[in-house]
Amino acid sequence: MLGSIESATYAEVLDFAIDRSENALTENLTRQAAFTAGRSTTRQGDNARFIRERLTADGVPTAGLVITDACGLSPGQRASADTLSGVLRLAVTGADDELRGVVAGLPVAGLSGTLTRRFQAKATQDVVGLPRAKTGTLRAGSSLAGTTVDADGRPLTYVLLVDGFPRTYAGTLRARAALDRIVAALTRCGCR
């Protein structure tokens, strides 16, 4: 044998997609998961149907959920804090071992992935390394959903969604900074 190449595992590719918020890769991974589960992957909306089926089967609230793709880029999509919180709850309670690894691989505040350059302001830099989160940023909305540990050592999950800010780069930066400050406050609190 002259040589061989092994691709990254599905879990490694998923970690990369979440860490960097790689939307095309997220679509592809969802299509592969749907195909492996025996679902259709050829029609528009198949990924969205597969996601909704999985959420429903796992008992995640889907009221108000509007999805047409797996990456969230199509216009008009919505996910409630309740839906996102339900997914986090599955992951951190051990109800779904596969999701636990996903949460462990979320970007870390100020250190990795889409959070590398966040939590750097004076008001938030004291929590660098504690919060983990998946970011969501579009022209009209920004979000953080993840985990942290408070001042008493208590693990917390959080889902923060903000919209209605000016559709400018400065507006997006202000929204992100506000989200970071809220997560920093949660991390600093003694919640007992």
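Each value, and the rule that gives it
Residues numbered from 1 in each chain as written. Predicted model: local features only at pLDDT ≥ 70, side-chain atom pairs only at ≥ 80, totals over all residues. Heavy atoms only, no water. Helix = DSSP H or I, 4+ residues; strand = E, 2+ residues; numbered from the N terminus. Rg over C-alpha atoms; globule rule 2.2 N^0.38 Å. Buried < 20%, exposed > 50% of the residue type's maximum accessible area, 1.4 Å probe, protein only. Contact = heavy atoms within 4.5 Å. Areas by Shrake-Rupley, 256 points an atom, 1.4 Å probe, with all protein chains shown as cover. Lys, Arg positive; Asp, Glu negative; His and termini not counted. Charge placed at Lys NZ, Arg CZ, Asp CG, Glu CD. Core = buried A, V, L, I, M, F, W, Y, C linked by side-chain atoms within 4.5 Å. Salt bridge = Lys/Arg side-chain N within 4 Å of Asp/Glu carboxyl O. Axes fitted to C-alpha atoms, helices over the stretch in contact; angles between N-to-C directions. Parallel < 35°, antiparallel > 145°, perpendicular 65-115°, else oblique. Left-handed = near helix turned anticlockwise from the far one by under 90°. Nonpolar A, V, L, I, M, F, W, Y, C, P; charged D, E, K, R; others polar. Pairing = 2+ DSSP bridges. Expected span 1.5 Å × (residues − 1).

(A) Up close: the overall build of the protein. When helices and strands are counted, the protein shows six helices and three strands. The C-alpha atoms of the protein give a radius of gyration of 17 Å, which matches the 16 Å a tight globule of 192 residues would have. For the protein, the spread of C-alpha atoms along the three principal axes comes to 50 × 45 × 35 Å. Expressed as a percentage of its 192 residues, the buried residues of the protein come to 32%. A fraction of 44% describes how many contacts in the protein between residues 6 or more apart in sequence connect residues 24 or more apart. Total accessible area on the protein is roughly 11300 Å²; 56% of this is exposed by carbon and sulfur atoms. Distance from the positive charge centre (23 side chains) to the negative charge centre (19 side chains) of the protein: 8 Å.

(B) Representation of the nonpolar core. In terms of nonpolar packing, the biggest core is built from 11 residues, these being A109, L115, F119, V127, A133, L144, Y158, L160, L179, V183 and A184. In terms of residues, this core owes the most to one element, helix α6 (residues 169-188), which gives three residues. Apart from residues lying up to four places away in sequence, A133 is in contact with L106, P107, L115, L144, A145, G146 and Y158. With eight residues, the next largest nonpolar core counts I18, A91, L106 and V159 among its residues.

(C) Summary view of the pattern of salt bridges. Taken as a whole and assessed by the stated rule, the structure comprises seven salt bridges. When the shortest N-O distance is used, the salt bridge between D58 and R54 registers 3.6 Å. Through salt bridges with shared partners, a single ionic network connects R43, D46 and R49.

(D) Just the packing of helix α2 (residues 23-36) against helix α3 (residues 46-57), in detail. At a closest axis distance of 10 Å, the pairing of α2 and α3 adopts a crossing angle of 65°. Here α3 runs roughly perpendicular to α2, going by the angle between their axes. The two elements α2 and α3 cross, and the hand of that crossing is left-handed. Packed against α2, whose contacting residues are E27, T30, R31, A33 and A34, the element α3 presents N47, F50 and I51 at the interface. Looking at the contact of α2 with α3, its residues break down into four nonpolar, two polar and two charged.

(E) Main features of the pairing of strand β1 (residues 132-138). Across seven bridges, β1 lies against strand β2 (residues 141-149) in antiparallel orientation. Looking at β2, one finds that R132 is bridged to T147.

(F) Highlighting the sheet that holds strand β3 (residues 155-163). As summarised here, the arrangement of the three strands in space is β1-β2-β3, forming an open sheet in which the pairing is antiparallel. Two strands in the sheet have a free side with no partner beyond their single neighbour: β1 and β3. Strand-to-strand twist in this sheet, taken as the mean axis angle between neighbours without regard to direction, amounts to 5°. Examined bridge by bridge, β2 and β3 share nine bridges and lie antiparallel to one another. Its bridge partner lying in β3, T148 is registered against L156.

(G) Expanded view of helix α4 (residues 81-92). Look at α4: 16 Å from first C-alpha to last across 12 residues, which is about the 16 Å you get at 1.5 Å a residue. For α4, the set of buried residues is T83, G86, L88, L90 and A91. Of the surrounding elements, those touching the buried residues of α4 are α3, α5 (97-104), β2 and β3. At the C-terminal side of α4, G94 shows a positive phi close to 85°.

(H) Spatial organisation of the side chain of T83. Within the secondary structure, T83 sits in helix α4. In this structure, T83 is in contact with L55, V60, P61, T62, A63 and L65, ignoring residues within four places of it in sequence.

(I) Spatial organisation of α6. The terminal C-alpha atoms of α6 lie 29 Å apart, and with 20 residues this matches the ideal 28 Å at 1.5 Å per residue to within 8%. Within α6, the full set of buried residues consists of G171, T172, A175, L179, D180, V183, A184 and T187. Buried-residue contacts for α6 involve β1, β2 and β3.

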